[in-house]
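Residues per chain are reported as follows:
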Amino acid sequence: MNGTIQAKKGFLYVVINYTDENGKTKYKWISTGLKERGNRKNAKTILERELKNFEKNLSESKNKTRRRKDVSQANKEQAQMLFCDYVEQYVDGLQTSVSPAVYYNYKTHYMKLFREFFDTRHLKLIDVTEKELNEFYNERRKHGVKNISLKHYNNVLRPVLRKAYKDKLILDNPFDFMEPIKKEKAIISFYDKKEMQKLFEVIKGHELEVPFMLAAYYGFRRSEVLGLRWSAIDFDHKLITINHKLTVVDKVPYFTDQLKTKTSYRTLPLIPAIADLLLQHRKKIAQNKEFYGNTYDTRYEDYVCVMENGKIVYPDHMTKKFSDLLAEHNLKHIRLHDLRHSCASNMLANGVPMKEIQEWLGHSNFSTTADVYSHLDFSSKMRAATAIATTYGDTKPVTANTEQESIKIFIQAVQEMKMLGFKNIDDYIKYKQTR
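Conventions used here
Residues numbered from 1 in each chain as written. Predicted model: local features only at pLDDT ≥ 70, side-chain atom pairs only at ≥ 80, totals over all residues. Heavy atoms only, no water. Helix = DSSP H or I, 4+ residues; strand = E, 2+ residues; numbered from the N terminus. Buried < 20%, exposed > 50% of the residue type's maximum accessible area, 1.4 Å probe, protein only. Contact = heavy atoms within 4.5 Å. Areas by Shrake-Rupley, 256 points an atom, 1.4 Å probe, with all protein chains shown as cover. Pairing = 2+ DSSP bridges. 1 Å grid on protein atoms, 1.4 Å probe; cavity = no way out; pocket = protein on both sides within 12 Å on 5 of 7 lines; lining within 4 Å. Points joined across faces, edges and corners; volume = space filled by probe spheres on them. Axes fitted to C-alpha atoms, helices over the stretch in contact; angles between N-to-C directions. Parallel < 35°, antiparallel > 145°, perpendicular 65-115°, else oblique. Nonpolar A, V, L, I, M, F, W, Y, C, P; charged D, E, K, R; others polar.

Engineer: Explanation requested: the overall build of the protein in the structure shown.
Structural biologist: Across its full length, the protein carries 17 helices and eight strands. Split into buried and exposed, the 435 residues of the protein put 40% on the buried side. For the protein, the share of sequence-separated contacts (at least 6 apart) that also reach a separation of at least 24 residues comes to 59%. Roughly 25,800 Å² of accessible area belongs to the protein as shown, and the carbon and sulfur atoms make up 51% of that amount.

Structure below.
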């Protein structure tokens, strides 16, 4: 393959001479947009660039042709089907092996995104390479999708292509040639001790006081709070157990004992303030049943978090009411899920070891807890500083700030960092140093 610069009607063109997959010589004319006079040097730069791009595209085209030819005759029909049709067949096969919420998410949201990208390019299963997958991920990044969500797409695409390779429908698995998606450092929002105390003041007497307080005190996930049953609370032995959850699938409530991970099943001490609140709540439910009479919904009698008329609290309703509550009382905006982060960060501030926080929150492994909260664990850093100072014979105490003061300063810095739009703490530090 080679190229030349040709003039035509006063303008310069790049002409590429190449051999196609059938061995025929062909020519491709590409306009440079440059006038003939005085632009030969610029045209040569364009020629070099176009030759490089064309060679790459031609190689990919020949590779796809080879892949089609090399697939056995028995598998050709399936290998030539649209990629998204093959993906959807795989997703349909998951219906009985995953939760309804996961299946609904795959079937509706994921398949919609896949089809919007791959179907518009008319991509067949045999033609999908790491190039198309990377283009899909880059397209999603342009829409503000973070790496954690891109990893979720892998939960479908990776096993699909692994199966296709195992069944000899494709000659290789494109994921074998892809760079792993980098794990992003989470930037979390949370309330400190004083902010939580203010929140508790405005929550008191709210229609959703109980679910909000459970989320704040225990860091329960929303689905865990709304799935909590009276039968899981042992007032005699002062224990509360998470073994059930509520999710909504296509506006239909779905109750299940299948939690996120095995470690999500946990039994924790029943905190006295929460025990008193729950007992008061149970009395209020009895009063509501008497008031509403036959119109009271008795289907959810074992569930703690119900409306006045006995109906369950929907997850989206709980989220909206929390956001409305903060706005109404002019409190700093955080997500409902950030009550979980607030619970963890305040435990850290009071010296609770990371391992115990992992067990309290029900994280599947220690690294999950450490990745999210390690930058807040100032107490361990103080212990490390004291240890190294003692080792080297320094008798002065490590007291640059008290632990609580340092944590407060750090929390304020994280909040300012988010407000200014910094996602990387190093960039934020550089910014502060130039002020």
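Still more to cover.
Engineer: Whenever I open this one, helix H8 (residues 209–218) confuses me. Can you help?
Structural biologist: Residues lying three or four places apart along an α-helix face the same way, a consequence of the helix completing one turn every 3.6 residues. For H8, the tally of buried residues reaches nine of 10 residues, placing the bulk of the element in the interior. Looking only at H8, the buried set comprises Glu209, Val210, Pro211, Phe212, Met213, Leu214, Ala215, Ala216 and Tyr218. Gly219 sits one or two residues past H8 and shows a positive phi near 70 degrees.

Engineer: In this structure, what is going on with the pairing of strand S1 (residues 2–8)? I would like to understand it.
Structural biologist: Relative to strand S2 (residues 11–19), S1 runs antiparallel, the two sharing seven bridges. When the sheet's bridge partners are listed, Gly3 is paired in S2 with Ile16. Linking S1 to S2, which pair antiparallel, is a turn of two residues; within it Lys9 sits at a positive phi near 55 degrees.

Engineer: I tried to follow empty space enclosed by the protein on my own but got confused; where do I start?
Structural biologist: Here the idea is plain: a probe the size of a water molecule rolls over the atoms and shows the empty space left. The full count for this structure, using the stated rule, is one cavity of 30 Å³ or more. Taken as a whole, the largest cavity holds about 30 Å³ of empty space.

Engineer: Is there a simple way to explain the sheet that holds strand S8 (residues 266–269) in this structure?
Structural biologist: Strand pairing within a sheet occurs via backbone hydrogen bonds; the two strands may be parallel or antiparallel. If you trace the three strands from one edge of the open sheet to the other, you get S4-S5-S8, paired in antiparallel fashion. Here the strands that pair on one side only, and so sit at the sheet edges, are strand S4 (233–234) and S8.

Engineer: Looking at this structure, I do not really get the packing of helix H7 (residues 193–203) against helix H11 (residues 315–328). What am I missing?
Structural biologist: Angle between the axes and distance between the axes are the two parameters that describe a pair of packed helices. Where H7 meets H11, the closest approach of the two axes is 11 Å, and the angle between their N-to-C directions is 105 degrees. Classified by the angle between their axes, H7 and H11 sit roughly perpendicular to one another. Residue-level contacts link Leu199, Val202 and Ile203 of H7 to Phe322, Leu325 and Leu326 of H11. For the contact of H7 with H11, the residue count by class is six nonpolar, no polar and no charged.

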